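One letter stands for each residue in the lines below.
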Amino acid sequence: LHRVDRRQRQMCIRDREELQMATEKLYYQDAHQAQFQATVLSCRLGKHGYDVVLDRTCFYPEGGGQPGDTGVLSGVRVTDTHEAGGEIVHYCEAPLAEGQTVEGEIDYERRFEFMQLHTGEHILSGVIHRRFGYENVGFHMGADFVTIDLSGMLTPEQVQSVEAEANEWIWKNVPVEASYPDPEALKTIPYRSKKELTGQVRIVTIPGADICACCGTHVSNTGEIGLLRIFSCVRFHDGVRLELLCGRRALRYLRALTEQNRQVSGLLSAKPLETAGAVQRLLDAEGALKLRAASLEDAVFTQKAQALAGNGNVLLFEPAMSPDSVRRLTDLVMSACGGRAAVFAGSDEAGYKYAVGEQGGDLRQLVRELNTALQGRGGGKPFFAQGSVSASRAAIEAFFRERGE
């Protein structure tokens, strides 16, 4: 039995190896191919639906920072594509019969956007590596932006400069070439790679701009990218993280920014290229009004506090105010009344912000009971606490009345 089991295992290994070898990667032959015909080699129930392996496929499996393709196989939705144990696995929503011939179609618009993003990242990373010697140590295609993590720092002027050069390479419309050099030839190629590589290595070359080991899909010529735009550069570990977009995604985002600025321009009665100055003037005016309002508020608070001088414990209700205003009023009343000051600002419908203070007092137990009884949250120092409650004015008054106030 042991010999039979071992023989069966060996046969399974050989079958798996033949399966892997039989899977033809059409996306490497033509990254623009969207439709194909294939035979189902296996279909297994998996964690993500049904795991389907084909004898040939246009579906690119997730890898190298690029998401896996989605699409359909004879009407069955493919939600993702991954490589597992050397097999290209299509996550399908329904089963497909082994031996069945299927018509496959990838979501080409989505794939093409990834191709634009991925090739644009190559060009930008190549330009930065050639000019500054920095390595691309992290690459991710997110839902919003592509991020590149670099091993060194860039100034704002350098970011603008590398962005400009990357776009020049795009507009030159140079070819994007993929090759599989033999080990000896590979030793002579100055390609970028995040790690030491062995075995068959796929080299993607953009003549003059970049040479990189990469397993992803790319456009045929750089002009297909259209444009590249860097939207942010922030410090990240010992280098920087860039957020960028290319091609269709860049156009879509820039269009949204333009529309947003058009609306702001109309609201501020300012020309589109003058909105920043208009916003700054608005902020300056708002700051002056806040200072004026705070000054008037302080005058009113001081009068209220003086009117309560020597009254002992005080409970006040005020219209809705900012937490800072509640704090300042409570502090003034606490200093004047000679007892405990409790200020609640808000309404029964919206709830109340509160502050409680007592010079030299210890309010921790009171605040715990208040939060429990009035559905509140908050805290602070022993003699002063702030927070909010979701209770009515009547409930708040009852709480303090039960404590002899």
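Just so we're clear, the structure is a prediction, and the values are computed from it rather than from any experiment.

Reading the values: rules and limits
Residues numbered from 1 in each chain as written. Predicted model: local features only at pLDDT ≥ 70, side-chain atom pairs only at ≥ 80, totals over all residues. Heavy atoms only, no water. Helix = DSSP H or I, 4+ residues; strand = E, 2+ residues; numbered from the N terminus. Buried < 20%, exposed > 50% of the residue type's maximum accessible area, 1.4 Å probe, protein only. Contact = heavy atoms within 4.5 Å. Areas by Shrake-Rupley, 256 points an atom, 1.4 Å probe, with all protein chains shown as cover. Lys, Arg positive; Asp, Glu negative; His and termini not counted. Charge placed at Lys NZ, Arg CZ, Asp CG, Glu CD. Expected span 1.5 Å × (residues − 1). Pairing = 2+ DSSP bridges. Axes fitted to C-alpha atoms, helices over the stretch in contact; angles between N-to-C directions. Salt bridge = Lys/Arg side-chain N within 4 Å of Asp/Glu carboxyl O. Core = buried A, V, L, I, M, F, W, Y, C linked by side-chain atoms within 4.5 Å. Parallel < 35°, antiparallel > 145°, perpendicular 65-115°, else oblique. Left-handed = near helix turned anticlockwise from the far one by under 90°. Nonpolar A, V, L, I, M, F, W, Y, C, P; charged D, E, K, R; others polar.

## Some points on the overall build of the chain
- Scanning the chain from terminus to terminus reveals 10 helices and 20 strands.
- Classification of the 405 residues of the chain by burial places 40% in the buried group.
- Considering only residue pairs separated by 6 or more positions, the chain has 61% of its internal contacts joining residues 24 or more positions apart.
- Accessible surface, the chain: about 22,000 Å² in total, of which carbon and sulfur atoms supply 52%.
- Separation between the mean location of the 45 positive side-chain charges and that of the 53 negative ones in the chain comes to 3 Å.

## Topic: helix 3 (residues 108-132)
- End to end, helix 3 covers 36 Å across 25 residues, agreeing with the expected 36 Å (1.5 Å per residue, within 8%).
- When you tally the buried positions in helix 3, you get 18 out of 25 residues, the bulk of the element.
- Following helix 3 by one or two positions, glycine 133 adopts a phi angle in the positive range, close to 80°.

## Quick word on the sheet that holds strand 9 (residues 136-141)
- Within the open sheet, the 4 strands sit side by side as 9-10-15-14. Their pairing is antiparallel. One side of each edge strand has no neighbouring strand; the edge strands of this open sheet are strand 9 and strand 14 (228-236). Across the sheet, the mean angle separating the axes of adjacent strands is 20° when strand polarity is ignored.
- As judged from the 5 bridges shared by strand 10 (residues 146-150) and strand 15 (residues 239-246), these two strands associate in the antiparallel manner. Paired with threonine 147 across the two strands is glutamate 243, which belongs to strand 15.
- Lying on the sheet, helix 6 (residues 247-268) is in contact with strand 14 and strand 15; it crosses strand 15 at an angle near 90°.

## Comments concerning the pairing of strand 18 (residues 351-358)
- Across the 8 residues that make up strand 18, a large majority, 6, are buried.
- Strand direction decides the pairing type here: strand 17 (residues 338-347) and strand 18, joined by 8 bridges, are antiparallel. Within the sheet, the bridge partner assigned to valine 343 lies in strand 18 and is alanine 355.
- The hairpin turn running from strand 17 into strand 18, its antiparallel successor, is 3 residues long.
- Summarising the sheet, strand 18 and strand 20 (residues 384-389) pair through 6 bridges and their orientation is antiparallel.

## Regarding the pattern of salt bridges
- Applying the stated criterion across every chain yields a total of 25 salt bridges.
- Across the salt bridge formed by arginine 130 and glutamate 165, the nearest N and O atoms sit 2.4 Å from each other. Of this pair, arginine 130 sits in helix 3 while glutamate 165 sits in helix 4 (residues 156-171), and the two are 35 residues apart along the sequence.
- According to the relative accessible area criterion, arginine 130 is partly exposed, its value standing at 44%.
- A salt bridge links glutamate 165 to arginine 131, with the shortest nitrogen-to-oxygen separation between them at 3.1 Å. Of the two residues, glutamate 165 is situated in helix 4 and arginine 131 in helix 3; the sequence distance between them amounts to 34 residues.
- On the basis of relative accessibility, which here comes to 35%, the residue arginine 131 falls in the partly exposed class.
- Residues participating in the shared-partner salt-bridge network are Glu109, Glu113, Arg248, Arg249 and Arg252.

## Remarks on the sheet that holds strand 13 (residues 210-213)
- Here 3 strands make up an open sheet; going across it, the order is 11-12-13 and the pairing antiparallel. At either end of the open sheet lies a strand with only one pairing partner, and these are strand 11 (177-179) and strand 13. Here the strands of the sheet are splayed against their neighbours by 20° on average, with no regard to which way each runs.
- Relative to strand 13, strand 12 (residues 203-206) runs antiparallel, the two sharing 4 bridges.

## Some thoughts on unusual backbone geometry
- Phi at asparagine 173 takes a positive value of approximately 55°, unusual for a residue other than glycine.
- For asparagine 173, the location among the structural elements is in the loop between helix 4 and strand 11.
- Here histidine 237, not a glycine, exhibits a phi torsion of approximately 55°, which is positive.
- Along the chain, the position of histidine 237 falls in the loop between strand 14 and strand 15.
- Owing to a relative accessible area of 65%, histidine 237 belongs among the exposed residues under this scheme.

## Re the nonpolar core
- Counting 37 residues, the largest nonpolar core has Ile123, Leu124, Leu228, Ile230, Leu242 and Leu244 as its most contacted members.
- Of all the secondary structure elements, the ones that give two or more residues to this core are helix 3, strand 9, strand 10, helix 4, strand 12, strand 14 and strand 15.
- A total of 8 residues in this core trace back to one element, the largest contributor, which is helix 3.
- Filtering out sequence-adjacent residues up to four positions away, leucine 124 remains in contact with Ile148, Val162, Glu163, Ala166, Leu228, Ile230, Leu242 and Leu244.

## Some thoughts on the packing of helix 3 against helix 4
- Interaxial distance between helix 3 and helix 4 falls to 9 Å at its minimum, and their mutual angle equals 125°. Between helix 3 and helix 4, the angle falls in the class oblique. When the axes of helix 3 and helix 4 are compared, the crossing they make is right-handed. Residues Ile123, Leu124, Val127, Ile128, Arg130, Arg131 and Phe132 of helix 3 pack against Gln158, Ser161, Val162, Glu163, Glu165, Ala166, Trp169 and Ile170 of helix 4.
- Along the lines of polarity and charge, the residues of the contact of helix 3 with helix 4 split into 9 nonpolar, 2 polar and 4 charged.

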